[in-house]
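Chain by chain, the residues:
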2 protein chains.
Amino acid sequence: MSVPAITDAKYVLEEKMDEGIPDFPNGPLDIYRKKASFSWKDMIRFLDGDEIIAFKQHVFRTLESDPLFARQPGEDIPVEQKRELTFRRCKQLFKYDFVTRDDIMQNPWKMTILNDCLGMYDWSLGAKYFLNKGMFGATVANTGSQRHLKFVQDIEQMMEFVINSPDFEAAKFWVGNLGKTATHSVVFAQLYTPDGQCHGLHSFVVQVRDPKTLLAMPGVMVGDMGKKLGQNGLDNGTSSCVFPSCLFPNRTPSQDPNKRFGASLGALSGGRVSITRMALVNLKLAMTVAVRFSATRRQFGPKEDEEIPVLEYQLQQWRLIPFLAAVYALEHFTRSFSMNFVEFQIGLLMKDKSDRQAELGREIHAMSCASKPLGSWTAQRGIQECREACGGHGYLAMNRLGDMRDDNDPNCTYEGDNNVLLQQTSNYLLSWLQHKQEGRGRIESPLETVNFLEDMSSILQSKFTVGSVEECMNSAVPLAAYKWLVCFLLGESQRKLFHEKSSGLGDFEARNNSQVYYCRSLAIAYIEHTVLQRFHDLIKDEQTPAALRSVLGRLCALYGLWTLTNHMAILYQGGYFSGRQPVDFIQTAILALCGQLKDDAVALVDVIAPPDFILNSPIGKADGELYKNLWSTVMLGKNVLERPSWWAEFCSDKPAVGSLRAKL
Amino acid sequence: MSVPAITDAKYVLEEKMDEGIPDFPNGPLDIYRKKASFSWKDMIRFLDGDEIIAFKQHVFRTLESDPLFARQPGEDIPVEQKRELTFRRCKQLFKYDFVTRDDIMQNPWKMTILNDCLGMYDWSLGAKYFLNKGMFGATVANTGSQRHLKFVQDIEQMMEFVINSPDFEAAKFWVGNLGKTATHSVVFAQLYTPDGQCHGLHSFVVQVRDPKTLLAMPGVMVGDMGKKLGQNGLDNGTSSCVFPSCLFPNRTPSQDPNKRFGASLGALSGGRVSITRMALVNLKLAMTVAVRFSATRRQFGPKEDEEIPVLEYQLQQWRLIPFLAAVYALEHFTRSFSMNFVEFQIGLLMKDKSDRQAELGREIHAMSCASKPLGSWTAQRGIQECREACGGHGYLAMNRLGDMRDDNDPNCTYEGDNNVLLQQTSNYLLSWLQHKQEGRGRIESPLETVNFLEDMSSILQSKFTVGSVEECMNSAVPLAAYKWLVCFLLGESQRKLFHEKSSGLGDFEARNNSQVYYCRSLAIAYIEHTVLQRFHDLIKDEQTPAALRSVLGRLCALYGLWTLTNHMAILYQGGYFSGRQPVDFIQTAILALCGQLKDDAVALVDVIAPPDFILNSPIGKADGELYKNLWSTVMLGKNVLERPSWWAEFCSDKPAVGSLRAKL
């Protein structure tokens, strides 16, 4: 496969950039595009800005014009070949070097956008690339001492340690890139010194394969874990040191273990901040497919002779449009949260030892431990809904919803199981409540996500007092409800913990028995409130273009009301709701907002959709020629109309005529 | 691949049957097995009975001893090869002929059990076999006239019709078995007579391929749709008649179109009754894997030096055990419902023209249109929860949770999209309400699923009056709540429909705007009530062994309370709940029941688990040797420890040393 010179690709980019954002081809989606209440190009400019728009187009076009990145919807590629293809493409990405060090310094958001773009193409590739480029390097940078920044050159200067995995239960699983290719890995292990003392967790750089032969180093067993549900272009490995092996530590053991743990909390948040975004990218892909499909797929209608697009059905709107609102809510959240994380990283680099920096680390840790669950679960459920909403066509591999679901799935698990992570967030909130109760000062955090808890007692006095459905269609309504909800669940969780402890349980059991319905719900409500608050503030922001405020306001209200419906029983239980009206108003408002947004839905996915080549889904193509695209892709498949290779066996020995007769 | 003679397999069966139900190997699961409050073998005997136990063992052992059915966990087989393997295995099943016509007449449940067994092995195989043996034949039997029962022999006697698909939008998609092998298919088409009159939908038998060559017949375009998310052993086809083609109708057009439609409602219910069961089978597989994993996977603990099984965590119990309760609730429901359907089928065969037979058809249609959504969604969510509850190991293809999810997924879509089907159920319930309001008699149906609606007005006066958590841990509590819920939603749905119509909407729009939060919720509540009622009645039944009643009672109460939590806001909205206590009691009761059932969980999955060979999941094996099984399966994988074939390219041209340095 030949590779065009990089300079050519860049030239093409510059030539095309003058054109700005290209129009979509005319077709069946025109009806909805014309009905949109806002300009989709204005929305892209507002969300991305010109520099990012150009950058995305550059990345997308570069991939599209490189034959190494060519693919066919729904093609059936063996795992081994996927790994090889991904390796080659990854190597090519190192050549393209889309984001230089200077680029990152000037606009760190570009790194996230590059990950978005690569993930939209194929998460295996994005993962393989960033595990190499980002994670390995970042871990060394964040936890290594100065000399380790150049460790590969300096191996011979270092002391030797022995790493020992006593049995196969101690083997490490799931290490990305380790299955086939990694030559060095960062290993976290307990450090024992010759006096028998344990100095806790340390990170070591371990050479696992000979870079000249790719054979395992002596004493190291390293292998491929085999096929996964998704992301099969990435080789995940398992490794154990059956015999002692030579290793290199990254730190002198003299440092305070607590401080070391605190420092790595920050570095570990980076993964979760990224994953929240990655999940959102999957949801964007799925929504693009499902909304375009729903706008062009016609079924039944009020008249015998005219079928209407399924998007016109209230049920279909209710299934899909709230997830579209979630996309916009999470778009703003992940962007602003990433900027918060960059601020924290800069503080780390600047060796900021201030209280604010420490508090920022704690807050980002708490937020990321809940935003990853929120993002990954929202995407999981949203993609599944899109799959079902596209009916049988959603079940065809070529339309890619299966890959999206499979590739998103590990977001629920890696960098901490979602359910387990949520405990970190509730612990953070409970510690603030205790802080206040013990008179240690106001509740106030650098990103202000907990500040409203300062008014906890007056918030808990508030009630739902909305007088009409119209009044309810405003994000201020769910926002106020969420403030009450977080305060209520915080109080309840503390009460429950206290109750469990006072009934004689130890700390460990008491905490375990306070998760379901208490701490877990608290953490989810807190992050939903944070996402909603930020989206609400964006709408109120004077810099938000007036022409976009109306549609964004609807999305914000819908997102808030829709997520709130999961908590309505608690709102009644605690007395915030009473009587019939709250549920009546909220349900009617959700359906009314869906109805108002359905004519904007196609334009809203046009804003988030990658080019057709990247989306790689016939039913999600921008021209909306659903059946033509589907049919032509089916016909492009391998041996579609041919007899199977085993036809003669079938014909010579098939069930006898008459044997199929009904048995009942 | 050689095939042992069938007689040998039968001999092996008889030899082993004397042993009864084999014990499980000793291992880490012993701890939980010894803690169980009931005998798992007694439970199997109660649920299945000796004949079915022996039959299952016969089928499972036959497959296990036939090398054609050998497989490797997580193996990566190309779609084309999957189709070929499935075809060969299907052919073998015709030879084994596990269920003869006499068997079915004597015990129709065996057909379902055979489908369970094949599905537990591989749904593609089960589907391919039953589409051939069951569905094609059954459709001809149910909708064909006498002469079509022998149509294949009698083609030349029939009149010729012309089938025409005007364009590719009229092409039929998703026909099972049509992709590669089908020679004849049943086609539903509008029948136009030469005078231009349309006689509505009729079914025709169409020859699509030449059985001697497997080439398409002239005028017929028939092809394979390509890769799907799951069930890739089954070839789903697309077909259109680009040119007119010769076909054979199954009925004279003289019959009353309404009666014809009514008759086929019954035949169509069979698919949904089956799918409800198929979804349950998937959930059984997933629960087996997740519970055995959770009982052997240890993480953290109250003491530094001792880790406890994750099943000991309340959170893990709450994630999994309610789905285990759902398995037992749906096991009893699908079994009794299948018997109802058999009764209906016998009525059809006997040409029963009674009102009861007609009412039975309507009721089964309404039930199946909601039981399929309930079953397939419960399985979908349950399998996903199992996947996540097994962490990274759940994401390894070899552990099969991905295949279970992918194979279950179409259950939400075929034989009617879940959301669309639910309308049929609510229409049925609304028609009963109208029946009563118009003074046309009592609300009374053959299977008594609607009889309680006769007391609607007094039920709507009832309230939640439970005084303690203990009192709440009884299935009578959620059962009473469900009766109120169905009545409330029925009244609300009728009111909503009336409101929409009186505001000027036509029937079509009014119905569409009454689905979300009204008719849809009504249908779901109705079927959950029916499932719960039947399970509740089983516990009260004197024939249910006393020794099993306690564990079954807990499962029943848990299932009812857990599903009820989805409706708590409505229970408050309509005034059935008020104050704090209902939610407090129900949540506490759910967690208490989970805690009581956690020591029974392993035994409860032992009851539903197939043999290891069929389950095909290393982390779900009966010996509970989690890590050994996992490790040995990883090591059995292809090229696990070998360098990739492209290693030399990797080594010669990998990123330069130092280029991985952190960029931030």
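Cut-off values and rules
Residues numbered from 1 in each chain as written. Chains lettered and ligands numbered in written order. Predicted model: local features only at pLDDT ≥ 70, side-chain atom pairs only at ≥ 80, totals over all residues. Heavy atoms only, no water. Helix = DSSP H or I, 4+ residues; strand = E, 2+ residues; numbered from the N terminus. Buried < 20%, exposed > 50% of the residue type's maximum accessible area, 1.4 Å probe, protein only. Contact = heavy atoms within 4.5 Å. Areas by Shrake-Rupley, 256 points an atom, 1.4 Å probe, with all protein chains shown as cover. Buried area = accessible area lost by both parts, 1.4 Å probe. Polar contact = N/O pair within 3.5 Å; in protein donor to acceptor, adjacent residues only side chain to side chain. Nonpolar A, V, L, I, M, F, W, Y, C, P; charged D, E, K, R; others polar. UniProt positions renumbered as here; feature names shortened; annotations may be inferred. Least-squares fit on C-alpha atoms with pLDDT ≥ 70 in both. Core = buried A, V, L, I, M, F, W, Y, C linked by side-chain atoms within 4.5 Å. Domains from an automatic or database assignment. Phe/Tyr/Trp six-rings, centres within 6.5 Å; stacked < 30°, edge-to-face > 60°. Lys NZ or Arg CZ within 6 Å of the ring centre and 35° of its normal. Patch = residues over 30% accessible without salt bridge, like charges linked within 9 Å, V, L, I, M, F, W, Y side chains within 5 Å. Salt bridge = Lys/Arg side-chain N within 4 Å of Asp/Glu carboxyl O. Axes fitted to C-alpha atoms, helices over the stretch in contact; angles between N-to-C directions. Parallel < 35°, antiparallel > 145°, perpendicular 65-115°, else oblique. Expected span 1.5 Å × (residues − 1). Pairing = 2+ DSSP bridges. Left-handed = near helix turned anticlockwise from the far one by under 90°. Disulfide = S-S within 2.5 Å.

### Overview of the overall build of chain A
Part 1 of the reasoning: Assigned secondary structure in chain A consists of 25 helices and seven strands.
Part 2 of the reasoning: Here chain A holds 664 residues, and 59% of them are scored as buried.
Part 3 of the reasoning: In chain A, 76% of the contacts between residues at least 6 apart in sequence involve partners at least 24 apart.
Part 4 of the reasoning: Carbon and sulfur atoms form 54% of the exposed surface of chain A, whose accessible area is close to 26100 Å².

### Describing the environment of L626(B)
Residue and element names in this part refer to chain B.
Part 1 of the reasoning: Structurally, L626 is set in helix 24 (residues 626–636).
Part 2 of the reasoning: The exposure class assigned to L626 is buried, which follows from its relative accessible area of 4%.
Part 3 of the reasoning: Each C-alpha atom, one on L626 and one on P28, is 8.7 Å from the other, the two residues being 598 residues apart in sequence.
Part 4 of the reasoning: Among all residues touching L626, those that are not within four sequence positions of it are F293, T296, R297 and I619.

### A look at the interface of chain B and chain A
Part 1 of the reasoning: At the interface, 137 residues of chain B touch 136 residues of chain A.
Part 2 of the reasoning: Between chain B and chain A, roughly 12900 Å² of surface is buried when both sides are summed, and carbon and sulfur atoms account for 62% of that area.
Part 3 of the reasoning: At the surface where chain B touches chain A, the tally comes to 42 residue pairs in polar contact (both at pLDDT 80 or more).
Part 4 of the reasoning: The dominant element in the side of chain B that touches chain A, judged by the number of residues it contributes, is helix 4 (residues 79–96) of chain B, at nine residues.
Part 5 of the reasoning: Considered class by class, the residues forming the side of chain B that touches chain A number 63 nonpolar, 33 polar and 41 charged.

### Observations concerning the UniProt feature "binding site: FAD" (unreviewed entry) in chain A
Residues and elements named next belong to chain A.
Part 1 of the reasoning: Feature annotation in UniProt places "binding site: FAD" (unreviewed entry) on G176, given in this structure's numbering.
Part 2 of the reasoning: Considering the arrangement of structural elements, one finds G176 in strand 2 (residues 172–176).
Part 3 of the reasoning: Filtering out sequence-adjacent residues up to four positions away, G176 remains in contact with L131, L234, D235 and N236.

### Topic: helix 22 (residues 601–608) of chain B
Part 1 of the reasoning: Within helix 22 of chain B, eight of the eight residues are buried, leaving the element largely enclosed by the surrounding structure.
Part 2 of the reasoning: Of all the positions in helix 22 of chain B, only A601(B), V602(B), A603(B), L604(B), V605(B), D606(B), V607(B) and I608(B) are classed as buried.

### Topic: the relation of the copies chain B and chain A
Part 1 of the reasoning: Least-squares fitting of chain B to chain A yields an RMSD of 0.0 Å, with the transformation described by 0.0 Å of translation along the axis and a rotation of 180°. Seen this way, the second copy is the image of the first under a two-fold rotation axis. For chain B, the smallest separation between a C-alpha atom and the rotation axis is recorded for A569(B), amounting to 2.3 Å.
Part 2 of the reasoning: A share of 99% of interface residues in chain B that are also interface residues in chain A marks the association as one of identical surfaces.

### Concerning the nonpolar core
Part 1 of the reasoning: Counting residues in hydrophobic clusters, the biggest one holds 354 residues, and the most contacted among them are M43(A), M287(A), Y328(A), M43(B), M287(B) and Y328(B).
Part 2 of the reasoning: Non-local contacts of Y328(A), meaning those with residues more than four positions away in its chain, are made with M43(A), L47(A), F535(A), L552(A), L555(A), L604(A), V607(A) and I608(A).

### Some thoughts on the domain arrangement of chain A
Part 1 of the reasoning: Structurally, chain A comprises domain 1 (146–250) and domain 2 (263–606).
Part 2 of the reasoning: One C-alpha centre belongs to domain 1 of chain A, the other to domain 2 of chain A, and the line joining them spans 38 Å.

### Considering the packing of aromatic side chains
Part 1 of the reasoning: If you walk through the whole model with that rule in mind, you get 37 aromatic pairs over all chains.
Part 2 of the reasoning: When the centroid spacing of 5.7 Å and the interplanar angle of 70° are considered together, the rings of Y517(A) and W318(B) count as edge-to-face. One end of the pair, Y517(A), is in helix 18 (residues 515–540); the other, W318(B), is in helix 9 (residues 314–349), on a second chain. Both residues of the pair, Y517(A) and W318(B), belong to the buried class.
Part 3 of the reasoning: Through pairs of rings, three or more aromatic residues link up here, namely F464(A), W484(A), F488(A), Y572(A), Y576(A), F577(A), F464(B), W484(B), F488(B), Y572(B), Y576(B) and F577(B).
Part 4 of the reasoning: The residue whose ring lies beneath R71(A) is Y121(A), and the NZ or CZ to ring-centre distance is 4.1 Å.

### What about a nonpolar patch on the surface?
Residues and elements named next belong to chain A.
Part 1 of the reasoning: Among the surface-exposed residues, I346, L349 and M350 lie close enough to one another that they form a single nonpolar patch of about 320 Å² accessible area.
Part 2 of the reasoning: Relative to the assigned elements, M350 resides in the loop between helix 9 (314–349) and helix 10 (355–389).
Part 3 of the reasoning: For M350, a relative accessible area of 63% gives the class exposed.

### A look at the packing of helix 10 (residues 355–389) of chain B against helix 18 (residues 515–540) of chain B
All names here are of chain B.
Part 1 of the reasoning: One way to put it is that helix 10 packs onto helix 18 with a least axis distance of 9 Å and a crossing angle of 85°. Accordingly, the angle class assigned to the pair helix 10 and helix 18 is roughly perpendicular. Here A366, M367, A370, S371, L374 and W377 of helix 10 come into contact with helix 18, specifically with R520, A523, I524, Y526, I527, E528, T530, V531 and R534.
Part 2 of the reasoning: Looking at side-chain class alone, the contact of helix 10 with helix 18 contains 10 nonpolar, two polar and three charged residues.

### Describing helix 19 (residues 546–564) of chain B
Part 1 of the reasoning: Under the 1.5 Å per step criterion, the end-to-end length of helix 19 of chain B is 27 Å for 19 residues, consistent within 8% with the ideal 27 Å.
Part 2 of the reasoning: In terms of burial, helix 19 of chain B is largely enclosed, as 14 of its 19 residues are buried.

### Quick word on unusual backbone geometry
Peptide bonds are, in most cases, trans, and in most cases residues other than glycine have a negative phi.
Residues and elements named next belong to chain A.
Part 1 of the reasoning: At F300, a position not held by glycine, the phi torsion is positive, near 55°.
Part 2 of the reasoning: Inspection of the secondary structure puts F300 in the loop between helix 8 (257–296) and helix 9.
Part 3 of the reasoning: The backbone of E415 shows a phi angle near 60°, a positive value even though the residue is not glycine.
Part 4 of the reasoning: With respect to the element layout, E415 can be found in the loop between helix 12 (401–408) and helix 13 (418–437).

### Focus: the side chain of S124(A)
Residues and elements named next belong to chain A.
Part 1 of the reasoning: Tracing the chain through its elements places S124 in helix 7 (residues 123–143).
Part 2 of the reasoning: For S124, the side chain forms a polar contact with the main-chain nitrogen of G233, separated by 2.9 Å.
Part 3 of the reasoning: Setting aside residues up to four positions removed in sequence, S124 forms contacts with T86, Q231, N232, G233 and L234.

### Points about the pairing of strand 3 (residues 184–192) of chain A
Residue and element names in this part refer to chain A.
Part 1 of the reasoning: Here strand 3 pairs with strand 4 (residues 198–207) via eight bridges, running antiparallel. Across the sheet, residue Y192 finds its bridge partner in strand 4, namely C198.
Part 2 of the reasoning: In sequence, strand 3 turns back onto strand 4 through a hairpin of five residues, with G196 there showing a positive phi of about 85°.

### A closer look at the packing of helix 9 of chain A against helix 22 (residues 601–608) of chain A
All names here are of chain A.
Part 1 of the reasoning: As a packed pair, helix 9 and helix 22 sit with axes 11 Å apart at the nearest point and diverge in direction by 40°. With respect to helix 22, the element helix 9 is oriented oblique. Like other packed secondary-structure pairs, helix 9 and helix 22 cross with a definite hand, here left-handed. Here L324, V327 and Y328 of helix 9 come into contact with helix 22, specifically with A601, L604, V605, V607 and I608.
Part 2 of the reasoning: The class makeup of the residues in the contact of helix 9 with helix 22 is eight nonpolar, no polar and no charged.

### Brief notes about the pattern of salt bridges
Part 1 of the reasoning: Following the criterion strictly, the structure yields 70 salt bridges over all chains and no others.
Part 2 of the reasoning: A salt bridge links D409(A) to R405(B); the shortest N-O distance between them is 2.8 Å. Of this pair, D409(A) sits in the loop between helix 12 and helix 13 while R405(B) is found in helix 12 (residues 401–408), placing the two residues in two different chains.
Part 3 of the reasoning: Judged by relative accessible area, which is 1%, R405(B) ranks as buried.
Part 4 of the reasoning: Measuring nitrogen to oxygen at the nearest pair gives 2.7 Å for the salt bridge that ties D23(B) to K41(B). Linking D23(B) in the loop between helix 1 (6–17) and helix 2 (30–35) with K41(B) in helix 3 (residues 40–65), this pair joins segments that are 18 residues apart in sequence.
Part 5 of the reasoning: When its relative accessible area of 60% is taken as the criterion, D23(B) is described as exposed.

### Re the state of the cysteines
Here is the idea: a disulfide is a covalent bond, and it sits between the sulfur atoms of two cysteines.
Residue and element names in this part refer to chain B.
Part 1 of the reasoning: For the coordinates displayed, the defined rule picks out zero disulfides over all chains.
Part 2 of the reasoning: C472 forms no disulfide, and the closest cysteine sulfur to it belongs to C556, at a distance of 13 Å.
Part 3 of the reasoning: With no disulfide of its own, C487 has C519 as its nearest cysteine by sulfur position, at a separation of 15 Å.
Part 4 of the reasoning: Judged by relative accessible area, C487 falls into the buried class, the value being 0%.

### Observations concerning the side chain of T183(B)
All names here are of chain B.
Part 1 of the reasoning: With respect to the element layout, T183 can be found in the loop between strand 2 (172–176) and strand 3 (184–192).
Part 2 of the reasoning: T183 gets classed as buried once you look at its relative accessible area, which sits at 14%.
Part 3 of the reasoning: When neighbours within four sequence positions are excluded, T183 is seen to be in contact with V206, Q207, V208, R209, P211 and L214.

### Section: the environment of V310(B)
Residues and elements named next belong to chain B.
Part 1 of the reasoning: As for its placement among the helices and strands, V310 is situated in the loop between helix 8 (257–296) and helix 9.
Part 2 of the reasoning: Judged by relative accessible area, V310 falls into the buried class, the value being 7%.
Part 3 of the reasoning: Remark: the alpha-carbon pair of V310 and C390, spanning 80 residues in sequence, is separated by 9.8 Å.
Part 4 of the reasoning: Those residues in contact with V310 that sit more than four places away from it in its chain are S294, R297, Q299 and Q316.

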